[in-house]
Amino acid sequence: MFLSKEDYEEPRCLLCKPTEVAPIPVGRVLGKLDEYLGKNDYPAAERHLKYWLMEAETGNDKRGMLTVSNEMIGLYRKAGREQECMEAAESVRNLLSDPDLDEEVTRGTSLINIATGYKAFGKTAEALPLYEEAMELYEKNLKERDSRLGGLYNNMAITLTALGEYDRAEELYGKALHVMSLNENGETDMAITYCNMADLTAARCDTGTEGITLDAEAERKIGEYLETARRLLDTETLPRDGYHAFVCEKCAPTFGYYGFFADEKELSERSEQIRRKL
C-alpha cells in the first residue's frame, strides 16, 4: 500500500503568510476523492477535503479553496449533514464575491452546488433563483452537448417539481435527456432523469389529500419511464465504475416505491458488487 503525501505530512504552518499562490493539485485531489466516494467512505473523503482546504488556504490558492469547498457541499449533502453543508455553501458564496474568481462558468457551477445543497435540506424556494442564474450563465457559455447542462436541467427540474411547476420541470427533463443522449455513456444519467420523470408523473396526481392515487395513465407512464431507465442502466458498454454503482444505488428505491421490487433488488446488489471490487 502506497501512502500519498497527505497521509503522513502535516499541513503547512497557518501562521506563515504566503507571498505568492501555491496551487493545490486539483486533479489529484478530485481523483482521490472519487476513490473514497466510490467506496462510500465518507469519513476518509471528509479528512481528505479538510486537509486540502487547509493546504489551499495556506497557499493562498483561492481557486483551490473554491473547488474543495464546492466538493464539501456535495459530500455533506450525501451524508445528510445539514449544518456542515450550509457552512460549506456559505464559504462558497463568500469566495464568489472575490473578483479574482469572477469567471462565469465557475460561478454557474458553484451556484448549482449551493442550490442542490439547499434543495436537499428543504430550502427549495431559495434554490430556484440560484438555478435560474446558473442556467443563464451555462447557456451563454457552454456548448449544447456539454454534460454540465444536462446536470443543471435535471437538478433544476427536481426543484420545479417540488414547487409544483410541473410543465417547466417536464420541459427541462426533455432538455436534459437531449444533452445526455449526445454524450458517451450518457445512458447512466438518462436513467436518473427517467426515474425523476416517474416522480414528476406521480406528483401531478397529488391532490393534497392523504396519499397519492395514481390513475391508469399515470401508472402506464411511470411503468414506461422505469422500464426505459432499467434498459439504459443495463447498456453493455457502460463502465461498471463507482459512479455507476452510485446511480444504481440512487435509482433502486424509486423502482421499489412503484412496485418494481425485482429491479430494486437487482440494482442494489449490482451497486454492492461494484463497490466490493473498487
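For every chain, the first residue of its written sequence is number 1, and the numbers climb from 1 along that sequence. Residue-level local features of this predicted model are given only where pLDDT is at least 70; pairs of side-chain atoms are given and counted only at 80 or more, and the full residue set underlies all totals for whole chains, interfaces and linings. Hydrogens are left out, water is left out, and the side-chain values use all remaining heavy atoms of the structure.

(A) Local environment of the overall build of the protein. Runs of H or I in DSSP of at least four residues are treated as helices and runs of E of at least two as strands, each being numbered from the N terminus. Looking only at helices and strands, one finds 13 helices and zero strands in the protein. Start at the N end of the protein and walk to the C end: the helices and strands fall as α-α-α-α-α-α-α-α-α-α-α-α-α. Radius of gyration means the value over C-alpha atoms here, while the globule rule gives 2.2 Å times the residue count to the 0.38 power. In terms of C-alpha radius of gyration, the protein reaches 20 Å, essentially the compact-globule figure of 19 Å for 278 residues. Under the scheme applied here, a residue whose accessible area is under 20% of the maximum for its type counts as buried, over 50% as exposed, and between as partly exposed, the area being computed with a 1.4 Å probe on protein chains only. Classification of the 278 residues of the protein by burial places 45% in the buried group. Surface accessibility follows the Shrake-Rupley procedure with a 1.4 Å probe radius. Residue values consider only the protein chains on display as shielding. Total accessible area computed for the protein in this model is approximately 15,000 Å², and 50% of it derives from carbon and sulfur atoms. Charged residues are defined narrowly, with Lys and Arg counted positive, Asp and Glu counted negative, and His plus the chain ends left uncounted. Charged groups are reduced to one reference atom each: NZ for lysine, CZ for arginine, CG for aspartic acid, CD for glutamic acid. Put simply, the protein has 35 plus and 53 minus side-chain charges, and the middle of one group is 3 Å from the middle of the other.

(B) Region of interest: the pattern of salt bridges. By definition here, a salt bridge exists when the distance from a side-chain nitrogen of Lys or Arg to a carboxyl oxygen of Asp or Glu is within 4 Å. The tally for this structure, following the rule as stated, stands at 21 salt bridges. D263 serves as the salt-bridge partner of R230, at 2.7 Å between the closest nitrogen and oxygen. In this pair, R230 sits in helix α11 (residues 216-233) while D263 sits in helix α13 (residues 261-277), placing the two residues 33 residues apart along the sequence. The same class applies to R230 and to D263, which are both buried. Of the charged contacts, one joins D234 and R270 as a salt bridge, the two residues approaching to 2.4 Å between their closest N and O atoms.

(C) Structural context of the side chain of N154. Relative to the elements of secondary structure, N154 occurs in helix α8 (residues 147-162). Given a relative accessible area of 8%, N154 falls into the buried group. Pairs of N or O atoms are called polar contacts if they sit within 3.5 Å, as long as, within protein, a hydrogen donor faces a hydrogen acceptor (for residues adjacent in sequence, only side-chain-to-side-chain pairs). Reaching out from N154, the side chain makes a polar contact with the side chain of T193 at a distance of 3.0 Å. Whether two residues are in contact is decided by their heavy atoms: any pair within 4.5 Å suffices. If we ignore the near neighbours within four places in the chain, the residues touching N154 are Y173, A176, M180, I192, T193 and N196.

(D) Region of the structure containing the packing of aromatic side chains. Note on aromatic pairs: the rings of Phe, Tyr and Trp (six-membered ring only in Trp) are paired at centre separations within 6.5 Å, and the planes decide the class, stacked below 30 degrees, edge-to-face beyond 60, tilted for the rest. Counting across every chain of the model gives five aromatic pairs. Seen from their ring centres, Y51 and W52 are 5.0 Å apart, and the 85° between their planes marks the pair as edge-to-face. A ring pair is formed by Y194 and Y225, whose centres lie 6.1 Å apart and whose planes are at 40°; its orientation type is tilted. With Y194 in helix α10 (residues 187-204) and Y225 in helix α11, the pair connects residues that are 31 residues apart, well separated along the chain. Exposure remark for Y194: the relative accessible area of 17% places this residue in the buried category. Overall, Y225 belongs to the buried group, its relative accessible area being 14%.

(E) Quick peek at the packing of α11 against helix α12 (residues 242-257). Orientation of α11 relative to α12, taken along the N-to-C sense of each, is 160°, at an axis distance of 12 Å. Judged on the interaxial angle alone, α12 and α11 are roughly antiparallel. The two elements α11 and α12 cross, and the hand of that crossing is left-handed. Between α11, through L226, A229, R230 and L233, and α12, the contact on the second element is made entirely by H244, V247, C251, T254 and F255. When the residues that make up the contact of α11 with α12 are grouped by side-chain class, the tally is six nonpolar, two polar and one charged. For helices, the fitted axis covers only the stretch in contact; all axes are lines through C-alpha atoms, and the angles between them, taken along N-to-C directions, range from 0 to 180 degrees. To sort the angles, those under 35 degrees are grouped as roughly parallel, those over 145 as roughly antiparallel, those from 65 to 115 as roughly perpendicular, and the leftovers as oblique. In this scheme the handedness of a crossing depends on how the near helix is turned from the far one: anticlockwise by less than a right angle means left-handed, clockwise means right-handed. Residues are grouped as follows: Ala, Val, Leu, Ile, Met, Phe, Trp, Tyr, Cys and Pro are nonpolar; Asp, Glu, Lys and Arg are charged; every other residue, Gly included, is polar.

(F) Fine view of helix α6 (residues 104-120). By this rule the span expected of a helix is its residue count minus one, scaled by 1.5 Å. Taking 1.5 Å of rise per residue, 17 residues should cover 24 Å, and α6 covers 24 Å from first to last C-alpha, within 8% of that figure. Where α6 is concerned, the buried positions are V105, G108, S110, L111, I112, I114, A115, T116, G117 and Y118. Packed against the buried residues of α6 are α4 (62-79), α5 (82-96), α7 (124-141) and α8. Among the residues of α6, the N-terminal cap falls to E103, whose side-chain oxygen and the backbone nitrogen of V105 are separated by 3.4 Å. Once α6 finishes, G122 follows within two positions and takes phi at roughly 85°, a positive value.

(G) Just the environment of L130, in detail. Here L130 lies in helix α7. Look at L130 and you get buried, because its relative accessible area is 6%. L130 sits 16 residues away from I114 along the chain, and the two C-alpha atoms are 7.8 Å apart. Filtering out sequence-adjacent residues up to four positions away, L130 remains in contact with R93, L111, I114, A115 and Y118.

(H) Structural detail: the confidence of the model for the protein. As a per-residue measure, pLDDT tells how confident the predictor is, with possible values from 0 to 100. Looking at the protein as a whole, its pLDDT mean stands at 92, while 92% of the residues score no less than 70. Below pLDDT 50 for its whole length, residues 1-15 participates in 20 contacts with residues either more than four positions away or in separate chains.

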